[in-house]
Amino acid sequence: MRLSNAWLLAVASSSSLLLVDGFQTASPQITARRTFSTSLNVAAAVDSSTSSANTTTEEITPITSFTQVNSLPFRQLQRHCKSIGVSAVGSTAVLRGRILSHYGLLREKKFESSDESGGVSTPQEIEELCATEGITFCDESDPDYGFKSLLSSTMQKSSLGHWKAATRKLKTLNKNYSTPERPVPRDAYLAVLEACGANRLNGARAAEPARKILEDMAENDYEIPVELANDVVFNSLGDGPGGTHDDCGGIDTALAMVAAVEASPNGSTTLTETTYGRLVSVLAQDGAIEEATLILRSMVVEKSFTPPLSTFADVAKAAAKSESHSEDVLQVLTYAKAAGYELDNIAAVETGRDLLASGVIAAEKMDNLALGLRLLTAAAKAEGCAPDSGDVLVAVSSSAAQRACTLIHKRAIQRACEDNNWKLAVKLLELMPKRGLSPATSVWRNVLATCCKNEKSRKATAILLDWITLAEDGKADKPPVSVFNTVVNTCEVCGEEDLTIKVLDVMKKTLDTDGNMVTFNIALKRLAKTGNVLGCEGILIGMLNEGLEPNVVSYTTTIGACAKDGMKNPQMASTWITRMRSRNVMPNFHTYNTALAACLDGKLESSFIASKIASEMLEDAEKELSCGLKGSAKFRSTIPDAYTKVLARQLMKQLRENWRSGDIDMALAKTTTRVPLLKLVDFDKNLAKNDAVECDLEIEEEDVANELQEQDYEFDLLKDLHKDDRRTAMV
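K.L.:
How should the pattern of salt bridges be read in this particular structure?
P.N.:
Side chains that carry opposite charge are capable of pairing whenever their charged atoms lie near each other. By the definition in use, this model includes 22 salt bridges. The partner of Asp565 in a salt bridge is Lys568, and the shortest N-O contact between them spans 3.5 Å. Between Glu616 and Lys612 there is a salt bridge, with its nearest N and O atoms 2.9 Å apart. Within this pair, Glu616 and its partner Lys612 are both found in helix H32 (residues 604-627), separated by four residues, close to a single helical turn. The class of Glu616 is buried, set by a relative accessible area of 19%. Overall, Lys612 belongs to the partly exposed group, its relative accessible area being 40%.

Shown next as structure tokens:
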């Protein structure tokens with residue numbers, strides 16, 4: 001017993017060991033021999049990208065026992081180190097040691113010999129006990145027998161593939177027999193590591209032992225074979241939550257392995273781009289987008305790797321799905337270009353199309369329409385996508401990509417229409433069907449409206465025909481009647497008679513109808529331009545036969561035919577005012593102005609008719625001022641405007657010529673015919689109110705609502721497009 005105690009004391013004096021809550025670990029002098037810093041700096045990258053984000057959602061709890069530290073995975077160890085203000089770079093054992101030291105759980109205790117009574121033996125007692133006077137002692141035993149025996153057993157178990165037994169024996173060998181002068185040989189670590197790495201880390205169950213072996217090898221400055229290091233890191237990652245495989249291995253284990261490998265001799269060049277790429281992809285799939293992006297950047301910038309497009313695509317897809325990482329997709333695209341990929345060519349492969357599709361989705365979320373269209377244009381330039389085009393394959397690669405492409409085109413077309421850039425709007429619209437996108441009805445109408453505002457009748461007709469073709473194929477809704485009216489009116493304004501007839505024929509064939517109120521009013525305008533009063537009358541009769549009641553626009557347009565230069569017919573203009581009153585359609589100031597213009601033919605009879613029309617207009621205006629306007633001013637107001645006064649002066653001048661030529665007595669003309677015309681010139685709505693006027697009953701609200709419904713988008717457009725005579729053909 002005394003000799004045994006003396007031997008223990010001698011062993012204890014040669015080396016110091018640490019006890020941490022009953023667990024024996026290596027001394028700080030040993031563990032501090034290497035500093036885990038690498039060129040890729042995976043640990044620092046993961047720490048810098050996750051600590052700030054996760055500490056806000058995960059409260060860092062103080063450590064009270066070794067068990068708590070031992071249960072923390074690699075990334076949580078890094079976050080905890082960051083939170084307590086110590087370095088977060090290093091192996092798992094180093095990080096645990098720093099945390100334990102911070103909380104005072106790491107203590108050093110030397111083994112000391114003691115006698116049977118519990119007292120500590122002094123050097124003199126030991127010397128006395130070890131005295132050899134009169135004794136012949138010869139020790140022929142091998143002092144390294146236990147070490148060699150356990151090492152041999154470890155190698156044997158490794159050769160048989162018994163990775164669990166080999167791991168346990170290696171742990172015992174390292175704990176009980178390893179010293180700085182006699183460390184565990186590299187071959188033993190490699191043998192056990194190979195046994196663990198067999199069969200893809202034995203289904204990732206051997207991932208943690210392999211991680212510990214790699215860290216021990218890095219601590220002992222042992223070089224790790226390239227192939228073996230890449231295999232264990234790659235196979236530690238699975239497709240389960242957190243990159244695990246049946247709850248074994250995972251991202252934290254892989255990151256710890258990478259940190260250990262990079263800390264070993266020549267470790268900065270040990271891991272290949274395939275291994276890093278696998279780690280990046282699993283990080284992205286797990287939602288750790290910032291970490292994945294940082295490691296991807298290090299691969300491209302610091303290590304000059306050229307990762308496969310699938311790696312870029314995995315990170316980009318994960319970032320595109322997130323609402324807060326859309327800008328990270330742009331960084332991934334930048335790294336892809338820095339790695340040597342051309343955006344104009346990558347659409348030839350599926351992973352390249354996935355990368356571009358992610359860029360389009362991110363561009364839509366950021367409302368960066370130019371970028372989204374640029375990426376689709378780049379995809380269209382790729383060769384080798386036949387029979388389809390690259391932009392088509394990108395647009396239909398997923399439902400999210402198709403939605404993003406559709407919204408980008410829709411918004412770009414809307415902005416082009418707002419800027420009145422009809423060429424750009426038409427170009428974008430033509431690209432949508434080619435890229436497998438279906439324009440909404442509102443998109444078609446916006447482009448048609450822009451073309452019509454710019455009087456591009458042929459282009460508007462071509463777009464309408466394309467719309468109808470897609471509708472026949474079931475890829476779009478049929479154009480409404482209002483769209484046909486818009487195009488027909490544009491053709492009329494531009495003088496395209498053949499196109500007008502063609503559009504009307506197509507409308508009849510497509511919708512099986514001759515049109516609505518606006519359509520008939522457009523037809524009236526065509527005839528009114530030629531002064532065909534009888535033709536206009538025929539159309540009004542046709543409207544009544546179709547069950548459509550002509551409105552004030554219809555009658556005003558018909559009266560416009562009576563005001564055609566060289567074909568003026570004031571009698572018929574007055575007759576139409578009487579007829580519209582009989583249909584309970586009240587004339588407005590446009591109607592009266594058109595009728596007054598029809599009287600400017602120099603004849604005395606026309607001056608008499610103009611005086612009568614002026615009297616009726618004054619009566620209606622005084623009534624409106626006294627009773628108030630009921631309904632829309634666009635349709636019902638009869639208050640004379642500036643043009644009315646211009647016409648009245650011209651008619652008084654015509655009447656003056658009549659009495660100068662002897663057709664009428666001047667005094668009689670001044671006291672009778674000229675009076676209403678003069679009142680129009682001097683009309684002031686502030687003084688014209690007559691309280692004696694009897695007011696009609698108020699218009700029913702339903703009638704007002706129906707009237708307002710007629711003031712739709714197409715009718716307003718028709719007013720804007722009319723160029724011939726705003727007073728004689730269209731309100």
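K.L.:
Is there a simple way to think about helix H26 (residues 497-511) in this case?
P.N.:
Because an α-helix completes one turn every 3.6 residues, residues spaced three or four positions apart along the sequence face the same direction. Between its first and last C-alpha atoms H26 spans 21 Å; for 15 residues at 1.5 Å apiece the expected length is 21 Å, and the two agree. For H26, the set of buried residues is Leu499, Thr500, Val503, Val506, Met507 and Thr510. One side of H26 holds all its buried residues, which, seen down the axis, span an arc of 130°. More than 90 degrees from the buried face of H26, the exposed residues found are Asp498 and Lys509. Buried positions along H26 lie against helix H24 (457-472), helix H25 (481-493) and helix H27 (517-530).

K.L.:
How should I be thinking about the nonpolar core in this particular structure?
P.N.:
Soluble, globular proteins show a tendency: their nonpolar side chains are buried together. Core analysis: the largest hydrophobic core is formed by 141 residues, its most contacted members being Phe312, Leu355 and Ile413. If sequence neighbours within four positions are ignored, Leu355 has contacts with Leu309, Phe312, Ala313, Ala316, Val332, Leu333, Ala336 and Ile346. By size, the runner-up hydrophobic cluster in this structure holds 45 residues, among which are Val553, Ile559, Ala561 and Phe589.

K.L.:
Please clarify how the packing of helix H23 (residues 441-453) against H24 should be interpreted in this entry.
P.N.:
Between two packed helices, what matters for the description is the angle formed by their axes and the separation of those axes. H24 packs onto H23 with a crossing angle of 165° between their chain directions and a minimal axis gap of 9 Å. Relative to H24, H23 is oriented roughly antiparallel. Between H23 and H24 the crossing geometry is left-handed. Residues Thr441, Trp444, Arg445, Val447, Leu448, Cys451 and Cys452 of H23 lie in contact with H24, whose contacting residues are Lys459, Ala460, Ile463, Leu464, Asp466, Trp467 and Leu470. Here the contact of H23 with H24 is built from residues that sort into 10 nonpolar, one polar and three charged.

Cut-offs used in this document
Residues numbered from 1 in each chain as written. Predicted model: local features only at pLDDT ≥ 70, side-chain atom pairs only at ≥ 80, totals over all residues. Heavy atoms only, no water. Salt bridge = Lys/Arg side-chain N within 4 Å of Asp/Glu carboxyl O. Helix = DSSP H or I, 4+ residues; strand = E, 2+ residues; numbered from the N terminus. Buried < 20%, exposed > 50% of the residue type's maximum accessible area, 1.4 Å probe, protein only. Expected span 1.5 Å × (residues − 1). Arc of directions from axis to C-beta. Contact = heavy atoms within 4.5 Å. Core = buried A, V, L, I, M, F, W, Y, C linked by side-chain atoms within 4.5 Å. Axes fitted to C-alpha atoms, helices over the stretch in contact; angles between N-to-C directions. Parallel < 35°, antiparallel > 145°, perpendicular 65-115°, else oblique. Left-handed = near helix turned anticlockwise from the far one by under 90°. Nonpolar A, V, L, I, M, F, W, Y, C, P; charged D, E, K, R; others polar.

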